[in-house]
Amino acid sequence: MRSALIPACVYVCLAMLAVWPVFEGWGTVLPGAAGTEVWTSYWVLQHILQCVQELQSPFLVETLNYPQGGVVVVPDTLGALLALPFTYVFGPATAMSLLVLFQLAFTGWTMHLFSVDLLTRVLDRANPRWGPWLSGTTLMTSSLMMSHVYNGSTEALSAGWTILAIWWTWRASLHFSVRRAAVAGVLIALATAAHVYGG
């Protein structure tokens, strides 16, 4: 447990450094630039909260094609559901900042753990040392991930779910069991719910 907890804390700290301006204006500054998808991500958090409070489907929206309404595919449904308690208590601006922080840290952490498992099996070493730290940090702070932060696209930041799904699918292929295959299937479904790009 300790071998997973220490990297998780390190990746949370690195994610905080990566989006530090958000913490200077906590609750009033959104992660993302003006004129990007930041307002779509903000709307999704508000929309999911409103739908849960009113017990309505998030995919049917009355304000589209008024008065008949319309159907919308909500980006980052999984992220909005994870951020739901924070959206309710602190509002969508704080919830969005926490979601971006979580998605960055989770991506680095899952890449780290996958690398530990992969390098341990491939190199047959109990402690692969720097490889997992390099892979987790490099992915988390990559230009791809930082451009998604800049673009305010929370669903595109959810690469951690895809890594988790790939990792468990790989594990199930090495030593097949119904349990491992079921876990891999659930994780593939979560990756798909997190973002259609990688699921």
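Position numbers for residues count from 1 along each chain, tracking the sequence in the order it is written. Only residues with pLDDT of at least 70 get local features here, since the model is predicted, and only at 80 or more are side-chain atom pairs given and counted; chain-wide, interface and lining totals rely on the full set of residues. Hydrogens and water are ignored here; the side-chain numbers use all heavy atoms of the structure.

1. A closer look at the overall build of the protein chain
Now for step 1: Each helix is a run of H or I in the DSSP string that is no shorter than four residues. Each strand is a run of E no shorter than two, and both are numbered from the N terminus. Within the protein chain, the regular secondary structure consists of 10 helices and 2 strands.
Now for step 2: Each helix and strand of the protein chain, ordered N terminal to C terminal, gives the series α-α-α-β-β-α-α-α-α-α-α-α.
Now for step 3: Across its three principal directions, the C-alpha atoms of the protein chain cover 65 × 40 × 25 Å.
Now for step 4: Working definition: with a 1.4 Å probe on protein chains only, accessible area under 20% of the residue-type maximum means buried, over 50% means exposed, and in between means partly exposed. Counting over 199 residues, the protein chain shows a buried share of 45%.
Now for step 5: Contact definition: two residues touch when any of their heavy atoms are within 4.5 Å. Residue pairs in contact within the protein chain that sit at least 24 positions apart in sequence constitute 70% of those at least 6 positions apart.

2. Some remarks on the side chain of Thr-110
Now for step 1: Positionally, Thr-110 belongs in helix H6 (residues 92-123).
Now for step 2: Among the residues examined, Thr-110 registers a relative accessible area of 1% and is labelled buried.
Now for step 3: If we ignore the near neighbours within four places in the chain, the residues touching Thr-110 are Gly-160, Ile-163 and Leu-164.

3. Some thoughts on a nonpolar patch on the surface
Now for step 1: Think of a patch as exposed residues, more than 30% relative accessible area, with no salt bridge, where like charges cluster within 9 Å and nonpolar side chains (Val, Leu, Ile, Met, Phe, Trp, Tyr) cluster within 5 Å. Method for areas: the Shrake-Rupley scheme with a 1.4 Å probe, in which residue coverage is limited to the protein chains shown. Definition used for salt bridges: Asp or Glu carboxyl oxygen within 4 Å of a side-chain nitrogen of Lys or Arg. Taken together, the side chains of Phe-86, Tyr-88, Val-89 and Phe-90 present a nonpolar region at the surface, about 460 Å² in accessible area.
Now for step 2: Among the secondary structure elements, Phe-90 is positioned in helix H5 (residues 84-90).

4. Details of H6
Now for step 1: Here the expected length of a helix is defined as 1.5 Å per residue gap, with one fewer gap than residues. Look at H6: 45 Å from first C-alpha to last across 32 residues, which is about the 46 Å you get at 1.5 Å a residue.
Now for step 2: Immediately downstream of H6, the backbone of Asp-124 shows phi near 55°, a positive value.

5. Focus on the packing of aromatic side chains
Pairs of aromatic rings are described using the distance from one ring centre to the other and the angle between the two planes.
Now for step 1: Only the six-membered ring of Trp is used, alongside the rings of Phe and Tyr, when aromatic pairs are assigned; centres must lie within 6.5 Å, and planes under 30 degrees apart are stacked while those over 60 apart are edge-to-face, with the rest tilted. Within this structure, the stated rule accounts for 8 aromatic pairs.
Now for step 2: Taken together, a centroid distance of 5.7 Å and an interplanar angle of 25° make the contact between Tyr-11 and Trp-133 stacked. Within this pair, whereas Tyr-11 is found in helix H1 (residues 2-18), its partner Trp-133 is found in helix H7 (residues 130-140), the two being separated by 122 residues in sequence.
Now for step 3: Accessibility expressed as a relative area gives 25% for Trp-133, which makes it partly exposed.
Now for step 4: The interplanar angle of 45° and the centroid separation of 4.7 Å between the aromatic rings of Phe-106 and Trp-161 together place this pair among those described as tilted.

6. Brief notes about the packing of H6 against helix H8 (residues 143-151)
Now for step 1: Put simply, H6 and H8 touch, their axes get as near as 12 Å, and they point 170° apart. Relative to H8, the element H6 is oriented roughly antiparallel. Together, Val-100, Leu-104 and Thr-107 of H6 and Met-145, Met-146 and Val-149 of H8 make up the contact between the two elements.
Now for step 2: Of the residues contributing to the contact of H6 with H8, the split by class is 5 nonpolar, 1 polar and no charged. Think of each axis as a best-fit line through the C-alpha atoms, taken over the contacting stretch in the case of a helix, with angles from 0 to 180 degrees between the N-to-C directions. In this scheme, roughly parallel covers angles under 35 degrees and roughly antiparallel covers those over 145, while 65 to 115 is roughly perpendicular and the rest are oblique. Each residue is assigned to one class: nonpolar for Ala, Val, Leu, Ile, Met, Phe, Trp, Tyr, Cys and Pro, charged for Asp, Glu, Lys and Arg, and polar for all the others, Gly among them.

7. So, the pattern of salt bridges
Now for step 1: Evaluated as defined, the whole model comprises 2 salt bridges.
Now for step 2: Note that Arg-121 is salt-bridged to Asp-117, the shortest N-O span being 2.7 Å. Residue Arg-121 and its partner Asp-117 are located together in helix H6, separated by 4 residues, close to a single helical turn.
Now for step 3: Since its relative accessible area comes to 35%, Arg-121 is described here as partly exposed.
Now for step 4: On the basis of relative accessibility, which here comes to 12%, the residue Asp-117 falls in the buried class.
Now for step 5: As a salt-bridge pair, Arg-171 and Asp-117 come within 3.5 Å of each other at their nearest N and O atoms.

Geometry only, nothing functional implied.
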